[in-house]
Amino acid sequence: MKSISHLTDFYYNELYPTLQSLEERRKNIKKRITNIGIIYLLFVALISYYIYEHFTVDMLFFFAVFALVGLKILYGYFTKEYSIDFKDKIIAPLIYEIDNALHYKPKHHIKADTFRHSKLFLNPDRLHGNDFVSGQIDGINIEFSDLHAEKRHKDSRGREYWESIFQGLFIVSEFNKSFHGETIILPDTAQKLFGDLIGGWLQSNNTTRNELVKMDNPDFEKEFVVYSTDQIEARYILTPSLMQKLLNYKRKTKHPLYISFIGGKIYMAIEYNDDMFEASVFHSLLEYKIAMQYVATLHLAVGIVEELKLNQKLWSKV
């Protein structure tokens, strides 16, 4: 697979003329959004000042939501064409430079049934996303996209609100071992927050998950908690080598990592709390940090095959 340095060179060299053109558009869009946004907020503030005394709590809540929705609509209106061009002219070529056998559909995302089948999160009431990539890397089927899953709730006053249960990069790939049970690996938050004694008790009494599996890798145990329908199969899947590879992969992501092994596949969710392939508006496209966000994220997603050695058929699958 192409290295990060190769993709970075491709970004700055092959795509540079296009980047310069998009950068000029970005500056103009940023200026228009900033100016109109200031005028819009001043207008909202002026109205609020004159009718503040007549506002109830519900009216204030509604007005605040109205103002935020208005800003979002303005932002979307000014950036729509720019965002489409950015994905067509920058993200798509980057993906095809990694492997021209990959398929990219910027308006599609991982299916809701696939997300639910991973059993990593609660079943969402609303799921949306974009930037769907699928294909084969070294003969291994892989697909990934940005996803945002939400759960609907109501407060004590009956008002509806949405809770984000996951936002980030969701990856699905074939796994190179045959197994029949379900093994779920989650970030170890309980022991980090409450210590080994209380945290361990909370983990073992998690009624929403299967049986807790204790692994013999202390570093892995510090980062993750493992639940499975089969203790023996969980250890068959999570060999010392794979645990170390998952640890290394987690350190590369620098974000919470969720993993499950179900139905002959590995599901991985990297929680960025952001849409990773959207065109930058308030930062230059030529900044190294911005370039690396696109390059490194794509490399990380596709690199799961090489990083975890999923292309090494060491075990027969039945």
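Per-chain numbering applies: the sequence of each chain, read as written, is numbered from 1 onward. Residue-level local features of this predicted model are given only where pLDDT is at least 70; pairs of side-chain atoms are given and counted only at 80 or more, and the full residue set underlies all totals for whole chains, interfaces and linings. Hydrogens and water are ignored here; the side-chain numbers use all heavy atoms of the structure.

Considering helix α9 (residues 288–302)
Step number 1: End to end, α9 covers 21 Å across 15 residues, agreeing with the expected 21 Å (1.5 Å per residue, within 8%).
Step number 2: A 1.4 Å probe rolled over the protein chains alone gives each residue an accessible area, and that area as a share of the maximum for its type sets the label: buried under 20%, exposed over 50%, partly exposed in between. Each helix is a run of H or I in the DSSP string that is no shorter than four residues. Each strand is a run of E no shorter than two, and both are numbered from the N terminus. Within α9, 11 of the 15 residues are buried, which leaves it mostly tucked inside the rest of the structure.
Step number 3: All buried positions along α9 are accounted for by I290, A291, M292, Y294, V295, T297, L298, H299, L300, A301 and V302. Expected span of a helix: the number of residues minus one, times 1.5 Å.

Thoughts on the environment of K105
Step number 1: Of note, K105 is situated in strand β1 (residues 103–105).
Step number 2: Two residues form a contact once any of their heavy atoms are found within 4.5 Å. K105 has contacts with D131 and F132, leaving out every residue within four places of it along the chain.

As for the sheet that holds strand β7 (residues 224–228)
Step number 1: Strand order in the open sheet formed by nine strands is β1-β2-β3-β4-β9-β8-β5-β7-β6, with antiparallel pairing between adjacent strands. Among the strands making up the open sheet, the edge pair consists of β1 and β6 (211–213). Pairwise comparison of adjacent strand axes, ignoring direction, gives a mean angle of 20 degrees for this sheet.
Step number 2: Each pair of strands is called paired provided DSSP finds at least two bridges between the two strands. Alignment of strand β3 (residues 140–154) against strand β4 (residues 160–174), held across 13 bridges, turns out to be antiparallel. Residue pairing across strands places R152 opposite W162, the latter belonging to β4.
Step number 3: Across the sheet, helix α8 (residues 240–253) touches β4, β5 (182–187), β7, β8 (257–262) and β9 (265–271), and the angle it forms with β8 is around 145 degrees. In this analysis, axes come from line fits to C-alpha atoms, helices being fitted only over the stretch in contact, and the angle between any two N-to-C directions falls in the range 0 to 180 degrees.

A word on unusual backbone geometry
Step number 1: A positive phi angle, near 60 degrees, is found at K254, a position not held by glycine.
Step number 2: Mapped onto the elements, K254 comes out in the loop between α8 and β8.
Step number 3: Taking relative accessible area as the criterion, K254 reaches 70% and is therefore assigned exposed.
Step number 4: Phi at N273 is positive, roughly 55 degrees, even though this residue is not glycine.
Step number 5: Relative to the helices and strands, N273 is located in the loop between β9 and α9.

A look at the packing of aromatic side chains
Geometrically, a pair of aromatic rings is defined through the distance of the ring centres and the angle of the planes.
Step number 1: Each Phe, Tyr or Trp ring, with Trp reduced to its six-membered ring, pairs with another whose centre is within 6.5 Å; inter-plane angles below 30 degrees give stacked pairs, above 60 give edge-to-face pairs, and intermediate values give tilted ones. Scanning the model with the defined rule gives 15 aromatic pairs in all.
Step number 2: Seen in terms of ring centroids, Y11 and Y12 are 5.3 Å apart; in terms of plane orientation they differ by 85 degrees. Their pairing is edge-to-face.
Step number 3: We classify Y11 as buried; its relative accessible area is 0%.
Step number 4: In this structure an aromatic cluster arises from ring pairing among F115, F121, F166, F170, Y258 and Y267.
Step number 5: Consider the ring centre and the ring normal. A charge sits over the ring if Lys NZ or Arg CZ is within 6 Å of that centre and within 35 degrees of that normal. Over the ring of W162 we find R126; its NZ or CZ atom is 3.8 Å from the centre of that ring.
Step number 6: In this structure, K177 is placed above the aromatic ring of Y236, and the distance from its NZ or CZ to the ring centre is 4.3 Å.

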